[in-house]
Amino acid sequence: MKAVVYTRYGPPDVLRFTDVDTPAPKDDEVLVKVHAVSLNGSDWETLRGKPLYSRISGPFQPRHHILGSDIAGRVEAAGRDATLFQPGDEVFADILSHMGGFAEYVCVPESALARMPAGMTYEEAAALPQAGAIALQGIRDKGQVQPGQRVLINGAGGGSGMYAVQLAKLYGAEVTGVDHAEKLEFMRSLGADHVVDYTREDFTRTGCTYDMILDLAAHRSAFAYPGSLMPGGRYLYVGGSAATLLQVLLIGPLIGGAQRKKIRLLAVRLGAKHLAPIIELCQAGKIVTVIDRRYRLSEVPEALRYLGEGRAKGKVVVIVE
Ligand SMILES: NC(=O)c1ccc[n+]([C@@H]2O[C@H](COP(=O)([O-])OP(=O)(O)OC[C@H]3O[C@@H](n4cnc5c(N)ncnc54)[C@H](OP(=O)(O)O)[C@@H]3O)[C@@H](O)[C@H]2O)c1
(Lines give C-alpha, C1' and ligand atoms only; values in the text may rest on other atoms or scores of the structure.)
Protein backbone atom coordinates (compact mmCIF):
# COMPACT_ATOMS: atom_id res chain seq x y z
CA MET A 1 0.00 0.00 0.00
CA LYS A 2 0.99 3.65 -0.25
CA ALA A 3 1.83 5.48 2.98
CA VAL A 4 3.65 8.56 4.23
CA VAL A 5 6.56 7.39 6.36
CA TYR A 6 9.22 8.98 8.59
CA THR A 7 12.03 7.52 10.67
CA ARG A 8 13.47 10.60 12.37
CA TYR A 9 12.02 13.73 13.95
CA GLY A 10 12.26 16.84 11.81
CA PRO A 11 10.54 19.18 9.35
CA PRO A 12 8.06 17.90 6.70
CA ASP A 13 11.05 17.10 4.40
CA VAL A 14 11.74 13.96 6.48
CA LEU A 15 8.45 12.45 5.27
CA ARG A 16 8.46 10.01 2.31
CA PHE A 17 5.47 8.93 0.21
CA THR A 18 6.30 5.31 -0.46
CA ASP A 19 5.17 1.65 -0.67
CA VAL A 20 4.96 -0.38 2.54
CA ASP A 21 3.39 -3.73 3.43
CA THR A 22 -0.34 -3.59 4.05
CA PRO A 23 -0.78 -4.40 7.76
CA ALA A 24 -2.63 -7.54 8.85
CA PRO A 25 -5.13 -7.20 11.71
CA LYS A 26 -4.35 -8.89 15.05
CA ASP A 27 -7.12 -10.90 16.68
CA ASP A 28 -8.78 -7.87 18.29
CA GLU A 29 -8.17 -5.48 15.37
CA VAL A 30 -9.99 -4.38 12.27
CA LEU A 31 -8.31 -3.48 8.98
CA VAL A 32 -9.73 -0.19 7.73
CA LYS A 33 -9.44 1.20 4.20
CA VAL A 34 -8.78 4.88 4.95
CA HIS A 35 -10.93 7.34 2.99
CA ALA A 36 -10.11 10.53 4.93
CA VAL A 37 -7.71 11.49 7.70
CA SER A 38 -7.61 14.87 9.38
CA LEU A 39 -4.52 16.66 10.67
CA ASN A 40 -4.16 17.69 14.29
CA GLY A 41 -1.66 19.81 16.17
CA SER A 42 -0.44 16.50 17.65
CA ASP A 43 0.65 15.27 14.17
CA TRP A 44 2.79 18.37 13.74
CA GLU A 45 4.28 17.99 17.22
CA THR A 46 5.02 14.26 16.75
CA LEU A 47 6.61 14.96 13.36
CA ARG A 48 8.96 17.52 14.88
CA GLY A 49 9.48 15.82 18.24
CA LYS A 50 8.64 19.14 19.90
CA PRO A 51 7.45 19.84 22.57
CA LEU A 52 9.21 17.12 24.55
CA TYR A 53 5.97 15.37 25.52
CA SER A 54 5.51 14.41 21.85
CA ARG A 55 8.51 12.04 22.27
CA ILE A 56 6.86 10.07 25.04
CA SER A 57 6.77 6.84 23.01
CA GLY A 58 10.14 7.41 21.28
CA PRO A 59 12.66 9.69 23.02
CA PHE A 60 15.31 9.61 20.25
CA GLN A 61 13.44 8.49 17.15
CA PRO A 62 9.76 8.02 16.39
CA ARG A 63 8.36 4.69 17.54
CA HIS A 64 5.51 4.82 15.03
CA HIS A 65 6.63 5.55 11.48
CA ILE A 66 3.31 6.62 10.02
CA LEU A 67 1.53 9.64 11.52
CA GLY A 68 -2.17 10.46 11.25
CA SER A 69 -4.66 9.67 14.00
CA ASP A 70 -8.17 10.82 13.06
CA ILE A 71 -9.41 8.46 10.38
CA ALA A 72 -12.66 7.63 8.63
CA GLY A 73 -13.06 4.74 6.22
CA ARG A 74 -14.51 1.35 5.46
CA VAL A 75 -13.87 -1.98 7.18
CA GLU A 76 -11.89 -4.29 4.90
CA ALA A 77 -11.27 -7.28 7.21
CA ALA A 78 -11.50 -8.18 10.89
CA GLY A 79 -9.34 -10.23 13.29
CA ARG A 80 -10.63 -13.47 14.85
CA ASP A 81 -12.01 -11.83 18.01
CA ALA A 82 -13.23 -8.60 16.40
CA THR A 83 -16.88 -9.37 15.86
CA LEU A 84 -18.57 -5.98 16.12
CA PHE A 85 -17.80 -4.81 12.59
CA GLN A 86 -18.24 -6.43 9.18
CA PRO A 87 -16.40 -5.72 5.92
CA GLY A 88 -18.04 -2.74 4.27
CA ASP A 89 -19.05 -0.97 7.53
CA GLU A 90 -18.23 2.73 7.55
CA VAL A 91 -16.25 3.63 10.67
CA PHE A 92 -14.17 6.37 12.26
CA ALA A 93 -11.65 6.61 15.11
CA ASP A 94 -8.93 8.55 16.88
CA ILE A 95 -5.83 6.31 16.96
CA LEU A 96 -3.46 8.82 18.59
CA SER A 97 -1.79 6.13 20.73
CA HIS A 98 -0.32 4.31 17.72
CA MET A 99 -1.17 6.52 14.70
CA GLY A 100 -0.82 5.11 11.15
CA GLY A 101 -3.59 7.04 9.40
CA PHE A 102 -1.49 8.58 6.59
CA ALA A 103 -1.82 5.36 4.61
CA GLU A 104 -4.26 3.51 2.39
CA TYR A 105 -4.98 0.96 5.15
CA VAL A 106 -4.59 0.94 8.92
CA CYS A 107 -5.25 -1.65 11.64
CA VAL A 108 -7.36 -0.31 14.51
CA PRO A 109 -8.27 -2.05 17.79
CA GLU A 110 -11.96 -2.79 17.55
CA SER A 111 -12.53 -0.98 20.87
CA ALA A 112 -11.30 2.31 19.32
CA LEU A 113 -13.72 2.22 16.38
CA ALA A 114 -17.21 3.63 16.08
CA ARG A 115 -19.71 3.58 13.25
CA MET A 116 -19.77 6.70 11.11
CA PRO A 117 -22.58 8.97 12.22
CA ALA A 118 -25.56 9.05 9.86
CA GLY A 119 -25.42 11.86 7.34
CA MET A 120 -21.71 12.59 7.82
CA THR A 121 -19.19 12.45 5.01
CA TYR A 122 -15.81 10.73 5.47
CA GLU A 123 -14.07 14.10 5.71
CA GLU A 124 -16.48 15.42 8.36
CA ALA A 125 -16.12 12.20 10.39
CA ALA A 126 -12.31 12.36 10.12
CA ALA A 127 -12.29 16.00 11.26
CA LEU A 128 -14.14 15.33 14.48
CA PRO A 129 -12.52 12.80 16.87
CA GLN A 130 -9.57 14.53 18.55
CA ALA A 131 -10.61 18.15 18.12
CA GLY A 132 -14.21 17.34 19.06
CA ALA A 133 -13.15 15.42 22.19
CA ILE A 134 -10.90 18.30 23.33
CA ALA A 135 -13.69 20.83 22.79
CA LEU A 136 -16.42 18.75 24.41
CA GLN A 137 -14.42 17.78 27.48
CA GLY A 138 -12.79 21.20 27.76
CA ILE A 139 -15.94 23.27 27.49
CA ARG A 140 -18.65 20.98 28.86
CA ASP A 141 -17.26 18.19 31.07
CA LYS A 142 -14.26 19.81 32.78
CA GLY A 143 -14.90 23.45 31.93
CA GLN A 144 -18.52 23.23 33.10
CA VAL A 145 -19.33 26.37 31.17
CA GLN A 146 -22.62 28.01 32.20
CA PRO A 147 -24.78 30.66 30.48
CA GLY A 148 -23.43 34.16 30.96
CA GLN A 149 -19.90 33.07 31.87
CA ARG A 150 -16.86 34.66 30.30
CA VAL A 151 -14.72 32.10 28.47
CA LEU A 152 -11.35 32.63 26.79
CA ILE A 153 -10.03 30.12 24.26
CA ASN A 154 -6.33 30.47 23.47
CA GLY A 155 -5.54 29.03 20.02
CA ALA A 156 -9.20 29.38 19.00
CA GLY A 157 -8.50 29.53 15.25
CA GLY A 158 -7.20 25.93 14.99
CA GLY A 159 -8.96 22.55 14.84
CA SER A 160 -10.02 22.16 18.47
CA GLY A 161 -10.64 25.88 18.82
CA MET A 162 -13.12 25.81 15.95
CA TYR A 163 -15.36 23.37 17.86
CA ALA A 164 -14.65 24.90 21.29
CA VAL A 165 -15.76 28.42 20.28
CA GLN A 166 -19.03 27.10 18.83
CA LEU A 167 -19.72 24.87 21.87
CA ALA A 168 -19.04 27.66 24.36
CA LYS A 169 -21.45 29.93 22.44
CA LEU A 170 -24.10 27.17 22.43
CA TYR A 171 -23.76 26.91 26.22
CA GLY A 172 -24.45 30.64 26.45
CA ALA A 173 -20.96 31.96 27.24
CA GLU A 174 -19.40 35.27 26.23
CA VAL A 175 -16.41 34.05 24.24
CA THR A 176 -13.01 35.61 23.64
CA GLY A 177 -10.90 33.90 20.97
CA VAL A 178 -7.12 34.35 20.87
CA ASP A 179 -5.02 33.54 17.81
CA HIS A 180 -2.97 35.47 15.27
CA ALA A 181 -4.14 38.34 13.07
CA GLU A 182 -5.12 36.29 10.03
CA LYS A 183 -7.54 34.21 12.09
CA LEU A 184 -9.45 37.02 13.81
CA GLU A 185 -12.21 37.16 11.20
CA PHE A 186 -12.45 33.37 11.21
CA MET A 187 -12.93 33.31 15.01
CA ARG A 188 -15.66 35.95 14.71
CA SER A 189 -17.38 33.85 12.05
CA LEU A 190 -17.49 30.95 14.53
CA GLY A 191 -19.29 33.19 17.02
CA ALA A 192 -16.49 34.68 19.15
CA ASP A 193 -17.70 37.92 20.77
CA HIS A 194 -14.19 39.29 21.22
CA VAL A 195 -10.94 38.42 19.48
CA VAL A 196 -7.32 39.00 20.48
CA ASP A 197 -4.27 38.86 18.21
CA TYR A 198 -1.64 37.17 20.37
CA THR A 199 1.20 38.74 18.41
CA ARG A 200 0.01 42.20 19.53
CA GLU A 201 -1.61 41.66 22.91
CA ASP A 202 -0.97 39.32 25.84
CA PHE A 203 -4.38 38.30 27.22
CA THR A 204 -2.89 37.77 30.68
CA ARG A 205 -1.92 41.46 30.82
CA THR A 206 -5.13 43.14 29.71
CA GLY A 207 -6.74 43.17 33.17
CA CYS A 208 -9.73 41.14 31.85
CA THR A 209 -10.80 38.13 33.90
CA TYR A 210 -12.61 34.95 32.84
CA ASP A 211 -14.60 32.12 34.40
CA MET A 212 -12.78 29.64 32.20
CA ILE A 213 -9.66 29.64 30.07
CA LEU A 214 -9.15 26.75 27.64
CA ASP A 215 -5.51 26.86 26.56
CA LEU A 216 -4.71 25.03 23.34
CA ALA A 217 -1.37 26.80 22.92
CA ALA A 218 0.08 27.31 26.43
CA HIS A 219 3.50 28.94 26.50
CA ARG A 220 3.47 31.02 29.67
CA SER A 221 4.52 30.47 33.25
CA ALA A 222 1.67 28.89 35.22
CA PHE A 223 1.85 31.94 37.52
CA ALA A 224 0.57 34.13 34.65
CA TYR A 225 -2.92 32.60 34.67
CA PRO A 226 -4.53 33.10 38.11
CA GLY A 227 -4.62 36.88 37.56
CA SER A 228 -6.84 36.34 34.48
CA LEU A 229 -9.35 34.17 36.34
CA MET A 230 -12.42 35.29 38.27
CA PRO A 231 -12.80 33.88 41.81
CA GLY A 232 -13.75 30.20 41.37
CA GLY A 233 -12.56 30.29 37.76
CA ARG A 234 -10.68 27.47 36.06
CA TYR A 235 -7.77 27.29 33.64
CA LEU A 236 -7.31 24.13 31.56
CA TYR A 237 -4.01 23.31 29.84
CA VAL A 238 -4.57 21.27 26.66
CA GLY A 239 -1.33 21.65 24.67
CA GLY A 240 1.68 23.94 24.34
CA SER A 241 5.11 23.92 25.92
CA ALA A 242 6.40 21.07 28.07
CA ALA A 243 7.66 23.61 30.65
CA THR A 244 4.16 25.04 31.11
CA LEU A 245 2.74 21.51 31.36
CA LEU A 246 5.21 20.61 34.12
CA GLN A 247 4.39 23.78 36.05
CA VAL A 248 0.66 23.21 35.70
CA LEU A 249 1.04 19.66 37.00
CA LEU A 250 3.44 20.44 39.84
CA ILE A 251 2.41 23.86 41.09
CA GLY A 252 -0.99 24.37 39.46
CA PRO A 253 -2.88 22.84 42.41
CA LEU A 254 -1.00 25.17 44.83
CA ILE A 255 -1.45 28.55 43.16
CA GLY A 256 -5.24 28.80 43.02
CA GLY A 257 -5.23 30.60 46.35
CA ALA A 258 -8.10 31.50 48.64
CA GLN A 259 -10.22 32.50 45.65
CA ARG A 260 -10.55 28.80 44.65
CA LYS A 261 -9.06 29.33 41.21
CA LYS A 262 -8.17 26.03 39.53
CA ILE A 263 -5.11 25.60 37.29
CA ARG A 264 -5.27 22.10 35.82
CA LEU A 265 -4.33 19.81 32.89
CA LEU A 266 -7.17 18.63 30.67
CA ALA A 267 -6.29 14.96 30.11
CA VAL A 268 -8.64 14.17 27.25
CA ARG A 269 -10.35 10.78 27.06
CA LEU A 270 -9.89 10.01 23.40
CA GLY A 271 -12.13 7.72 21.41
CA ALA A 272 -14.98 8.05 19.00
CA LYS A 273 -17.39 6.60 21.58
CA HIS A 274 -17.07 9.71 23.79
CA LEU A 275 -18.28 12.00 21.04
CA ALA A 276 -22.05 11.37 21.02
CA PRO A 277 -23.12 14.83 22.30
CA ILE A 278 -21.04 16.76 19.76
CA ILE A 279 -22.04 14.40 16.94
CA GLU A 280 -25.70 15.18 17.69
CA LEU A 281 -24.97 18.91 17.54
CA CYS A 282 -23.19 18.46 14.20
CA GLN A 283 -26.05 16.40 12.81
CA ALA A 284 -28.55 19.05 13.95
CA GLY A 285 -26.50 21.71 12.16
CA LYS A 286 -25.80 23.56 15.44
CA ILE A 287 -22.06 23.01 15.09
CA VAL A 288 -20.32 23.16 11.75
CA THR A 289 -17.00 21.62 10.74
CA VAL A 290 -14.94 24.10 8.77
CA ILE A 291 -12.52 22.32 6.45
CA ASP A 292 -9.99 24.87 5.32
CA ARG A 293 -8.09 22.70 2.84
CA ARG A 294 -8.08 19.21 1.38
CA TYR A 295 -4.94 17.40 0.25
CA ARG A 296 -4.11 14.05 -1.40
CA LEU A 297 -2.15 11.35 0.48
CA SER A 298 1.00 12.16 -1.50
CA GLU A 299 0.65 15.78 -0.37
CA VAL A 300 0.78 15.09 3.40
CA PRO A 301 4.14 16.95 3.75
CA GLU A 302 2.59 20.13 2.23
CA ALA A 303 -0.52 19.67 4.36
CA LEU A 304 1.53 19.38 7.56
CA ARG A 305 3.64 22.36 6.56
CA TYR A 306 0.47 24.41 6.04
CA LEU A 307 -0.78 23.42 9.51
CA GLY A 308 2.60 23.88 11.19
CA GLU A 309 3.12 27.33 9.70
CA GLY A 310 -0.08 28.35 11.43
CA ARG A 311 -2.05 29.06 8.27
CA ALA A 312 -4.91 26.59 8.75
CA LYS A 313 -8.26 27.99 9.86
CA GLY A 314 -10.24 25.08 11.30
CA LYS A 315 -9.38 21.65 9.94
CA VAL A 316 -7.11 20.32 7.20
CA VAL A 317 -8.14 16.94 5.76
CA VAL A 318 -6.28 14.43 3.60
CA ILE A 319 -8.52 12.55 1.16
CA VAL A 320 -7.15 9.07 0.44
CA GLU A 321 -8.24 8.00 -3.04
N1 LIG B 1 -4.43 17.28 26.75
C2 LIG B 1 -4.72 16.24 25.97
O3 LIG B 1 -5.16 15.18 26.44
C4 LIG B 1 -4.53 16.37 24.48
C5 LIG B 1 -4.99 15.36 23.60
C6 LIG B 1 -4.79 15.55 22.22
C7 LIG B 1 -4.16 16.70 21.74
N8 LIG B 1 -3.72 17.65 22.64
C9 LIG B 1 -3.06 18.90 22.22
O10 LIG B 1 -4.02 19.83 21.78
C11 LIG B 1 -3.29 20.93 21.20
C12 LIG B 1 -4.15 21.69 20.19
O13 LIG B 1 -4.43 20.86 19.10
P14 LIG B 1 -5.16 21.38 17.76
O15 LIG B 1 -5.27 20.18 16.88
O16 LIG B 1 -6.36 22.19 18.07
O17 LIG B 1 -4.02 22.34 17.15
P18 LIG B 1 -4.09 23.39 15.95
O19 LIG B 1 -5.18 23.03 15.00
O20 LIG B 1 -2.68 23.48 15.42
O21 LIG B 1 -4.50 24.74 16.68
C22 LIG B 1 -3.66 25.45 17.56
C23 LIG B 1 -3.90 26.94 17.32
O24 LIG B 1 -3.15 27.68 18.27
C25 LIG B 1 -2.56 28.80 17.61
N26 LIG B 1 -1.39 29.28 18.36
C27 LIG B 1 -0.10 28.92 18.24
N28 LIG B 1 0.66 29.59 19.13
C29 LIG B 1 -0.19 30.38 19.81
C30 LIG B 1 -0.02 31.29 20.88
N31 LIG B 1 1.20 31.55 21.40
N32 LIG B 1 -1.10 31.94 21.36
C33 LIG B 1 -2.33 31.71 20.83
N34 LIG B 1 -2.56 30.85 19.84
C35 LIG B 1 -1.50 30.18 19.33
C36 LIG B 1 -2.24 28.23 16.24
O37 LIG B 1 -2.10 29.27 15.29
P38 LIG B 1 -0.69 29.78 14.73
O39 LIG B 1 0.23 28.60 14.71
O40 LIG B 1 -1.05 30.32 13.42
O41 LIG B 1 -0.22 30.83 15.62
C42 LIG B 1 -3.48 27.40 15.94
O43 LIG B 1 -4.51 28.18 15.36
C44 LIG B 1 -2.00 20.28 20.66
O45 LIG B 1 -0.90 20.86 21.36
C46 LIG B 1 -2.13 18.80 21.04
O47 LIG B 1 -0.92 18.20 21.42
C48 LIG B 1 -3.90 17.49 23.97
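Everything that follows concerns the structure shown earlier in this document.
The structure contained in this document is the topic of the report that follows. (Residues numbered from 1 in each chain as written. Predicted model: local features only at pLDDT ≥ 70, side-chain atom pairs only at ≥ 80, totals over all residues. Heavy atoms only, no water.)

**Digging into the packing of helix 1 (residues 41–48) against helix 8 (residues 300–308)**
Piece 1. Relative orientation of the contacting elements helix 1 and helix 8 amounts to 105 degrees, with a least axis distance of 10 Å. Accordingly, the angle class assigned to the pair helix 1 and helix 8 is roughly perpendicular. Residues Gly41, Asp43, Trp44 and Leu47 of helix 1 lie in contact with helix 8, whose contacting residues are Leu304, Arg305, Leu307 and Gly308.
Piece 2. The residue inventory of the contact of helix 1 with helix 8, partitioned by class, reads four nonpolar, two polar and two charged. (Axes fitted to C-alpha atoms, helices over the stretch in contact; angles between N-to-C directions. Helix = DSSP H or I, 4+ residues; strand = E, 2+ residues; numbered from the N terminus. Parallel < 35°, antiparallel > 145°, perpendicular 65-115°, else oblique. Contact = heavy atoms within 4.5 Å. Nonpolar A, V, L, I, M, F, W, Y, C, P; charged D, E, K, R; others polar.)

**Digging into the side chain of glutamine 137**
Piece 1. Positionally, glutamine 137 belongs in helix 3 (residues 129–141).
Piece 2. We classify glutamine 137 as buried; its relative accessible area is 5%. (Buried < 20%, exposed > 50% of the residue type's maximum accessible area, 1.4 Å probe, protein only.)

**A short note on the side chain of threonine 46**
Piece 1. Inspection of the secondary structure puts threonine 46 in helix 1.
Piece 2. At 2.6 Å, the side chain of threonine 46 forms a polar contact with the backbone oxygen of serine 42.
Piece 3. Once residues lying within four places of it in the same chain are set aside, the contact partners of threonine 46 are Tyr6, Tyr9, Ser54, Leu67 and Met99. (Polar contact = N/O pair within 3.5 Å; in protein donor to acceptor, adjacent residues only side chain to side chain.)

**Brief notes about the environment of glycine 158**
Piece 1. Along the polypeptide, glycine 158 turns up in the loop between strand 8 (150–154) and helix 4 (159–170).
Piece 2. For the pair formed by glycine 158 and phenylalanine 186, sequence separation is 28 residues and the distance between their alpha carbons is 9.9 Å.
Piece 3. Filtering out sequence-adjacent residues up to four positions away, glycine 158 remains in contact with Asp179 and Gly314.

**Brief notes about helix 1**
Piece 1. Within helix 1, burial applies to Ser42, Asp43, Glu45, Thr46 and Leu47.
Piece 2. Remark: glycine 49 follows helix 1 within two positions and exhibits a positive phi of approximately 75 degrees.

**A word on the environment of serine 298**
Piece 1. Note on placement: serine 298 falls in the loop between strand 14 (291–296) and helix 8.
Piece 2. The sequence separation of serine 298 and threonine 204 amounts to 94 residues, and the corresponding C-alpha distance is 41 Å.

**Observations regarding a nonpolar patch on the surface**
Piece 1. Among the surface-exposed residues, Leu246, Leu249, Leu250 and Leu265 lie close enough to one another that they form a single nonpolar patch of about 380 Å² accessible area.
Piece 2. Examining the composition of the nonpolar patch, we find that three residues originate from one element, helix 6 (residues 242–250), more than from any other. (Patch = residues over 30% accessible without salt bridge, like charges linked within 9 Å, V, L, I, M, F, W, Y side chains within 5 Å. Areas by Shrake-Rupley, 256 points an atom, 1.4 Å probe, with all protein chains shown as cover. Salt bridge = Lys/Arg side-chain N within 4 Å of Asp/Glu carboxyl O.)

**Some remarks on the pairing of strand 14**
Piece 1. Sheet analysis places strand 14 next to strand 15 (residues 315–319), joined by five bridges and oriented parallel. Within strand 15, the residue paired with arginine 293 across the bridge is valine 316.
Piece 2. Each parallel crossover has a hand, and for strand 14 linked through helix 8 to strand 15 it is right-handed. (Pairing = 2+ DSSP bridges. Right-handed = clockwise from strand over helix to strand, strands pointing away.)

**Here's the deal with the pattern of salt bridges**
Piece 1. Following the criterion strictly, the structure yields 17 salt bridges and no others.
Piece 2. Measuring nitrogen to oxygen at the nearest pair gives 2.6 Å for the salt bridge that ties glutamate 309 to arginine 311.
Piece 3. Taking the relative accessible area as the measure of exposure, arginine 311 reaches 36% and is therefore partly exposed.
Piece 4. Taken together, the shared-partner salt bridges connect Arg140, Asp141 and Arg269 into one network.

**So, the packing of aromatic side chains**
In this description, a pair of aromatic rings is defined by centroid distance and the angle of the planes.
Piece 1. Counted under the stated rule, the structure contains three aromatic pairs.
Piece 2. With centroids separated by 3.9 Å and ring planes inclined at 20 degrees, the aromatic side chains of tyrosine 225 and tyrosine 235 adopt a geometry described as stacked. Of the two residues, tyrosine 225 sits in the loop between strand 11 (210–215) and strand 12 (229–237) while tyrosine 235 sits in strand 12, which places them 10 residues apart along the sequence. A single burial state applies to tyrosine 225 and to tyrosine 235, both of which are buried.
Piece 3. Here the aromatic rings of tyrosine 295 and tyrosine 306 are separated by 6.4 Å at their centres, their planes lie at 55 degrees, and the arrangement is tilted. With a gap of 11 residues between them, tyrosine 295 in strand 14 and tyrosine 306 in helix 8 connect regions that are remote in the sequence.
Piece 4. Across the ring face of tyrosine 306, the terminal group of arginine 293 is positioned such that the distance to the ring centre comes to 4.0 Å. (Phe/Tyr/Trp six-rings, centres within 6.5 Å; stacked < 30°, edge-to-face > 60°. Lys NZ or Arg CZ within 6 Å of the ring centre and 35° of its normal.)

Bear in mind that shape data such as this cannot, by itself, settle questions of function.
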